Amino acid sequence: MKNILKSTALAFAALTGSAITAGAAEMLTAPVEMTLYIFDKDTGSTSVCYDDCAVKWPPFLGKEGDPMEADWALSPRTDGTMQWTYDGKPLYFYFEDTKAGDMTGDGLGGVWHIVMEE
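Explanation requested: the state of the cysteines in the structure shown.
Each disulfide consists of one covalent bond between the sulfur atoms belonging to two cysteines. Counted according to the given criterion, the structure contains one disulfide. Paired through a disulfide, C49 and C53 show a sulfur-sulfur distance of 2.0 Å. Looking along the S-S bond of the C49-C53 disulfide, the torsion reads about -105°, which is the left-handed sense. Note on C49: relative accessible area 0%, which makes it buried. For C53, a relative accessible area of 22% corresponds to the partly exposed category.

Help me understand the side chain of Q83 in this model?
When you line up the elements, Q83 lands in strand β6 (residues 82-86). When its relative accessible area of 1% is taken as the criterion, Q83 is described as buried. Here L91 takes part through its backbone oxygen, which lies 2.7 Å from a polar atom of the side chain of Q83. Leaving out residues up to four positions away in the same chain, Q83 has contacts with S47, P59, F60, L61, A73, L74, S75, R77, P90, L91 and Y92.

Got a minute to help me understand the pattern of salt bridges in this structure?
Side chains carrying opposite charge are able to pair once their charged atoms draw close together. Within the structure shown, the criterion is met by two salt bridges. In this structure, the salt-bridge partner of K63 is D66, at a minimum N-O distance of 3.1 Å. The exposure class assigned to D66 is buried, which follows from its relative accessible area of 12%. Here D102 and K99 are joined by a salt bridge, their closest N and O atoms 3.0 Å apart. The exposure class of D102 is buried, given its relative accessible area of 12%. For K99, a relative accessible area of 53% translates into the label exposed.

Is there a simple way to explain the side chain of D102 in this structure?
Tracing the backbone through its elements, the reader meets D102 in the loop between β7 (89-90) and β8 (112-114). A distance of 2.9 Å separates the side chain of D102 from the backbone nitrogen of T98, its partner in a polar contact. Beyond its immediate sequence surroundings of up to four residues, D102 is in contact with T35, Y37, E96 and D97.

Please clarify how the pairing of β6 should be interpreted in this entry.
A regular strand places its side chains on the two faces of the sheet in alternate fashion. Counting buried residues along β6, five of its five residues qualify, which places the element largely inside the surrounding structure. Sheet topology places strand β4 (residues 61-62) next to β6; two bridges connect them, and they run antiparallel. Note that in β6 the partner of G62 across the bridge is M82. Of the strand pairs in this sheet, strand β5 (residues 72-76) and β6 are connected by five bridges, and their pairing is antiparallel. When the bridges of β6 are listed, A73 appears paired with T85. Counting the residues that bridge the hairpin from β5 to β6 gives five residues, and of these G80 lies at a positive phi of roughly 90°.

Scoring rules and cut-offs
Residues numbered from 1 in each chain as written. Predicted model: local features only at pLDDT ≥ 70, side-chain atom pairs only at ≥ 80, totals over all residues. Heavy atoms only, no water. Disulfide = S-S within 2.5 Å. Buried < 20%, exposed > 50% of the residue type's maximum accessible area, 1.4 Å probe, protein only. Helix = DSSP H or I, 4+ residues; strand = E, 2+ residues; numbered from the N terminus. Polar contact = N/O pair within 3.5 Å; in protein donor to acceptor, adjacent residues only side chain to side chain. Contact = heavy atoms within 4.5 Å. Salt bridge = Lys/Arg side-chain N within 4 Å of Asp/Glu carboxyl O. Pairing = 2+ DSSP bridges.

Printed below as a string of structure tokens:
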């Protein structure tokens, strides 16, 4: 596994994790290499996943002042927390992924997908 971020962003790299090579693209992961997902029903950088949805798909949360690289940002949630986005899309974990590298949520309902960086 290699870090997805440039060496000048070591603090951010420690926060956001790494990538797993998958052909020409890389799957983004969070700390301890847990898989990150996007949700097709989100509107731009605004999450629509709350309540029961957020129990099964916990948002990848950050806080104001966290260092970030290009393509990464924080988006406010209605509960006042901040959610990481990548390329303008909110990021999530899946509750049935129990160990590093699990991807059991990929393709569920045709609307949940692992995040790939090309």
